[in-house]
Amino acid sequence: MSEPASISTGIASRYATAVYELAKEAGDVKGLEGDIASLTAAMADSADFNALINSPLYSRDEQRGAVAAIAKKAKLTKVMANTLSLMADKRRLFVVPHLVQTLRDIIAEDKGEVTADVTSAKALTKAQSDKLAKTLKARMGKDVTINASVDEGLIGGLIVKVGSKMIDTSISSKLSSLQNAMKEVG
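All of the points below concern the structure found in this document. Since the model is a prediction, treat every value here as computed from it, not as a measurement. (Residues numbered from 1 in each chain as written. Predicted model: local features only at pLDDT ≥ 70, side-chain atom pairs only at ≥ 80, totals over all residues. Heavy atoms only, no water.)

1. Section: the overall build of the chain
Per the secondary structure count, the chain includes eight helices and four strands. Along the chain direction, N to C, the helices and strands of the chain fall in the order α-α-α-α-α-α-β-α-β-β-β-α. By its C-alpha atoms, the chain is 60 × 40 × 30 Å across when sized along the principal axes. Sequence separation of at least 24 residues holds for 67% of the intrachain contacts in the chain that already meet a minimum separation of 6. With the model as given, the accessible surface of the chain reaches about 11500 Å², and the carbon-plus-sulfur share is 55%. Within the chain, one finds 25 positive and 22 negative side-chain charges whose respective centroids are separated by 2 Å. (Helix = DSSP H or I, 4+ residues; strand = E, 2+ residues; numbered from the N terminus. Contact = heavy atoms within 4.5 Å. Areas by Shrake-Rupley, 256 points an atom, 1.4 Å probe, with all protein chains shown as cover. Lys, Arg positive; Asp, Glu negative; His and termini not counted. Charge placed at Lys NZ, Arg CZ, Asp CG, Glu CD.)

Structure, rendered in C-alpha cells:
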C-alpha cells in the first residue's frame, strides 16, 4: 500500500471508529447505515461532490457550507453531519471514501456479516443477487451483503471479492488467459 493511501486509511479508521461508537451509544446504527448509502450514492453520482472532497481549491468555509447543505438535503444523522463538518474544518474530506468503506466494514463485523464486492457485466437481478448471497453464505459461514457494481468490459461473468479472496469468472479474464497461453505457444 502506498504511503498516502495508508495515511488516508489510518485517518479514516480513527474517524470511523469514533462515528460508529457515537452512533452505537445513541442507538442509531441503522441511521448510520442510511448515511453510508447516501454518501456512497453521492460519490457515485455527483462529480461536484467528488470535486468538493478531493480538491484543495475549496476553502474550509466553502467546504463546511457545502457539507452542511449536503447533510441537510441528504438527511444525514447529526453524528455524520457533525463529523463531515469537523473533517471540513480539519481539511480531511479527502478521506470520505475510506471513511465510508471503513464504517461499512465495522458495521458488518459487529453484525457478524461479510461484504462481497461483486462486479458483473450487467446489473444483477434480485433473484441472482439473492442466490449469490445464499451460495456465498454457505461457503463463508456468515451472512453476506452484496455490494454490486457493473462493468460492461467484463463481457460476461462475475468478479467476486470477499475479504482477501477473489473469484474471477469473467469472460474478459478468460480471453486474456487464452491470449497469454497462445503467446507462449507460438
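So much for the structure itself; the text now carries on.
2. Re the nonpolar core
For soluble globular proteins, the rule of thumb is that nonpolar side chains tend to be buried together. Core analysis: the biggest nonpolar cluster contains 31 residues, and Met80, Leu84 and Leu103 have the highest contact counts within it. Taken together, the elements giving at least two residues each to this core come down to α1 (3–25), α2 (29–45), α3 (47–54), α4 (60–74), α5 (78–89) and α6 (96–111). Discounting chain neighbours no more than four positions away, the residues touching Met80 are Val19, Leu32, Asp35, Leu39, Leu99 and Leu103. In terms of nonpolar packing, the next biggest core, distinct from the first, is built from 10 residues, Ala116, Leu132, Ala133 and Ile146 among them. (Core = buried A, V, L, I, M, F, W, Y, C linked by side-chain atoms within 4.5 Å. Buried < 20%, exposed > 50% of the residue type's maximum accessible area, 1.4 Å probe, protein only.)

3. A closer look at a nonpolar patch on the surface
Taken together, the side chains of Ile155, Ile171, Leu175, Leu178 and Met182 make up a nonpolar region of the molecular surface, amounting to roughly 500 Å² of accessible area. Looking at the secondary structure, you find Ile155 in the loop between β2 (143–150) and β3 (158–162). Under the relative-accessibility criterion, Ile155 is labelled exposed at 55%. (Patch = residues over 30% accessible without salt bridge, like charges linked within 9 Å, V, L, I, M, F, W, Y side chains within 5 Å. Salt bridge = Lys/Arg side-chain N within 4 Å of Asp/Glu carboxyl O.)

4. Thoughts on the pairing of β2
The side chains of a regular strand alternate, first on one face of the sheet and then on the other. Where strand β1 (residues 113–120) lies against β2, eight bridges are found, and the strand directions are parallel. Paired with Val114 across the bridge in β2 is Val144. (Pairing = 2+ DSSP bridges.)

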